Amino acid sequence: MVEAARANDELIDAFIDALWLEDGLAANSLAAYRRDLRALAAWAEGRPLLALVEADLQAYFAAQFEASRPTTANRRLATLRRFYRWALRDGRDRKSVV
């Protein structure tokens, strides 16, 4: 579990670095992306982020629904969409973690 948590942190750092290099996002935006991904990793209880499947992500959104404003939910969705697209583009697919 500790190894998966460390791998998640490294993956999140790589994603944030890529966002900064590719798009030059503001520090507040990068912090929000990092916060959203760390919240998902905490919810996943140490499982690798790239090992999560669609049903896991749906369960995560359902668990967060009551405590979220619509703008927060939209940002969270955009963060996850962008993260998983980046992971695919960068060759970081599920096979490397399962």
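Worth saying up front: this structure is predicted, and the values here are computed from it rather than measured. (Residues numbered from 1 in each chain as written. Predicted model: local features only at pLDDT ≥ 70, side-chain atom pairs only at ≥ 80, totals over all residues. Heavy atoms only, no water.)

A. Seen up close, unusual backbone geometry. Notably, Glu45 is not glycine yet its phi reads approximately 55°, a positive angle. With respect to the helices, strands and loops of the structure, Glu45 is situated in the loop between helix H2 (27-43) and helix H3 (54-65). Given a relative accessible area of 60%, Glu45 falls into the exposed group. (Helix = DSSP H or I, 4+ residues; strand = E, 2+ residues; numbered from the N terminus. Buried < 20%, exposed > 50% of the residue type's maximum accessible area, 1.4 Å probe, protein only.)

B. Helix H4 (residues 70-89), seen in detail. Taking 1.5 Å of rise per residue, 20 residues should cover 28 Å, and H4 covers 28 Å from first to last C-alpha, within 8% of that figure. Looking only at H4, the buried set comprises Thr72, Arg76, Thr79, Leu80, Phe83, Tyr84, Trp86 and Ala87. Angularly, the buried residues of H4 cover 155° about the axis, an arc narrow enough to put them on a single face. Every exposed residue of H4 that faces more than 90 degrees away from the buried side is listed here: Pro70, Thr71, Asn74, Arg85, Leu88 and Arg89. Among the structural elements, helix H1 (2-23), H2 and H3 are those in contact with the buried residues of H4. In the segment just after H4, Gly91 is the residue with positive phi, at about 80°. (Expected span 1.5 Å × (residues − 1). Arc of directions from axis to C-beta. Contact = heavy atoms within 4.5 Å.)

C. Geometry of the pattern of salt bridges. Counted under the stated rule, the structure contains six salt bridges. Between Arg92 and Asp90 there is a salt bridge, with the nearest N and O atoms lying 2.6 Å from each other. With relative accessibility at 30%, the residue Arg92 sits in the partly exposed group. (Salt bridge = Lys/Arg side-chain N within 4 Å of Asp/Glu carboxyl O.)

D. Focus on the confidence of the model for the chain. With 93% of its residues at a pLDDT of 70 or more, the chain shows a mean pLDDT of 88. Averaged pLDDT values for the elements of the chain fall to 90 in H1 and rise to 95 in H2. (pLDDT = per-residue confidence, 0-100.)

E. Region of interest: the nonpolar core. Among the nonpolar cores identified, the biggest contains 22 residues, and Phe15, Leu40, Leu49, Phe83 and Tyr84 are the most heavily contacted of them. Looking at which element gives the most residues to this core, the answer is H1, with six residues. Excluding its chain neighbours within four sequence positions, the residues that come into contact with Leu40 are Leu49, Leu52, Leu57, Tyr60, Leu80 and Tyr84. (Core = buried A, V, L, I, M, F, W, Y, C linked by side-chain atoms within 4.5 Å.)

F. Spatial organisation of the environment of Ala63. Here Ala63 shows up in helix H3. A relative accessible area of 48% means that Ala63 is categorised as partly exposed. For the pair Ala63 and Leu40, spaced 23 residues apart in sequence, the C-alpha separation works out to 11 Å.

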